[in-house]
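Each chain, letter by letter, is given below.
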Amino acid sequence: EIFALMGLTVLELGLGRYPQALGWGLQILHDDPPGFGNRVLPEVVEAGVRGGDRAAAEVALTRLTERATAAATPWALGLLARSQALMAADADAESYYLEAINQLAGTAVRTELARAHLLYGEWLRRARRRKEAREPLREAFDFFETVGASGFASRAGAELAATGEHV
């Protein structure tokens, strides 16, 4: 059941259905099962921020901060930085996104790196930095297309199109 809930959380995030993703993710967050309890934290942060529930995102970020700094692995620190970027004021977000990309580039978890590129590209586009947004969005789009992650690929493709890029 936990694996299914995790899958639904990530699926809904890929489709941009943040309130639904948050609903599934919060079930895991509250139970805090070994392994998945950690894994769901960055998902809840993203779903909470994008779905308008910053309180849920704060709870997940607090727990993620404790656990990621204790683990101190590039994967954990990369997910922490990506989550901090989502919660940060615009003036501070970019340094967190770049830190996330730097940390995750040193891991074998390519999906998390691609998601960091996607979120950074989305942030750049929303900051009206369309030309700069194209590179991270293209990285994300190409990866998600290659691995068949159609929800995330569609999200990246829509963002690319919004920058004026042809997908």
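Computed from a predicted model, the values in this text were never measured in an experiment.

Engineer: Looking at this structure, I do not really get the pattern of salt bridges. What am I missing?
Structural biologist: Side chains that differ in sign of charge can pair as their charged atoms come close. The tally for this structure, following the rule as stated, stands at 18 salt bridges. Linking Glu 132 and Arg 129 is a salt bridge whose minimum nitrogen-to-oxygen distance equals 2.7 Å. Residue Glu 132 is classed as partly exposed on the basis of its relative accessible area of 43%. Beyond isolated ion pairs, a larger network of salt bridges with shared partners links Arg 39, Glu 43, Glu 46, Arg 50, Arg 82, Glu 112, Arg 115, Glu 122 and Arg 155.

Engineer: Hey, could you run me through the packing of helix 2 (residues 18–31) against helix 4 (residues 41–51) in this one?
Structural biologist: How two helices sit against one another is set out by the angle between their axes and by the gap between those axes. Close contact between helix 2 and helix 4 brings their axes to 8 Å; oriented N to C, the two are set at 145°. The hand of the helix 2/helix 4 crossing is left-handed. Contact residues: helix 2 offers Tyr 18, Pro 19, Ala 21, Leu 22, Gly 25, Leu 26 and Leu 29, while helix 4 offers Leu 41, Val 44, Glu 46, Ala 47, Gly 48, Arg 50 and Gly 51. Classifying every residue of the contact of helix 2 with helix 4 gives 9 nonpolar, 3 polar and 2 charged.

Engineer: What am I meant to see in helix 8 (residues 110–126) here?
Structural biologist: For an α-helix, the turn length of 3.6 residues means that residues three or four places apart are oriented alike. Taking 1.5 Å per residue, 17 residues should reach 24 Å; helix 8 reaches 24 Å between its end C-alpha atoms and fits that length. Of all the 17 residues making up helix 8, 13 are buried; the element is thus mostly covered by neighbouring parts of the structure.

Engineer: Any chance you could explain unusual backbone geometry here in plain terms?
Structural biologist: For residues that are not glycine, phi is negative in most cases, and the peptide bond is trans in most cases. The backbone phi angle of Ala 72 is positive, close to 55°, even though this residue is not glycine. Note that Ala 72 resides in the loop between helix 5 (54–71) and helix 6 (74–87). At Arg 128, a position not held by glycine, the phi torsion is positive, near 60°. With relative accessibility at 75%, the residue Arg 128 sits in the exposed group.

Engineer: Would you explain the environment of Glu 159 in this entry?
Structural biologist: Mapped onto the fold, Glu 159 is located in helix 10 (residues 150–162). Judged by relative accessible area, which is 8%, Glu 159 ranks as buried. Sequence separation between Glu 159 and Ala 133 is 26 residues, and the spatial gap between their C-alpha atoms is 8.7 Å. Other than its neighbours up to four places away in sequence, Glu 159 contacts Glu 122, Arg 125, Arg 126 and Leu 137.

Engineer: Is there a simple way to explain helix 4 in this structure?
Structural biologist: Among the 11 residues in helix 4, 9 count as buried, and that is most of the element. All of the buried residues along helix 4 are Leu 41, Pro 42, Glu 43, Val 44, Val 45, Glu 46, Ala 47, Gly 48 and Val 49. Looking one or two residues past helix 4, Gly 52 carries a phi angle of roughly 85°, positive in sign.

Reading the values: rules and limits
Residues numbered from 1 in each chain as written. Predicted model: local features only at pLDDT ≥ 70, side-chain atom pairs only at ≥ 80, totals over all residues. Heavy atoms only, no water. Salt bridge = Lys/Arg side-chain N within 4 Å of Asp/Glu carboxyl O. Buried < 20%, exposed > 50% of the residue type's maximum accessible area, 1.4 Å probe, protein only. Axes fitted to C-alpha atoms, helices over the stretch in contact; angles between N-to-C directions. Helix = DSSP H or I, 4+ residues; strand = E, 2+ residues; numbered from the N terminus. Left-handed = near helix turned anticlockwise from the far one by under 90°. Contact = heavy atoms within 4.5 Å. Nonpolar A, V, L, I, M, F, W, Y, C, P; charged D, E, K, R; others polar. Expected span 1.5 Å × (residues − 1).

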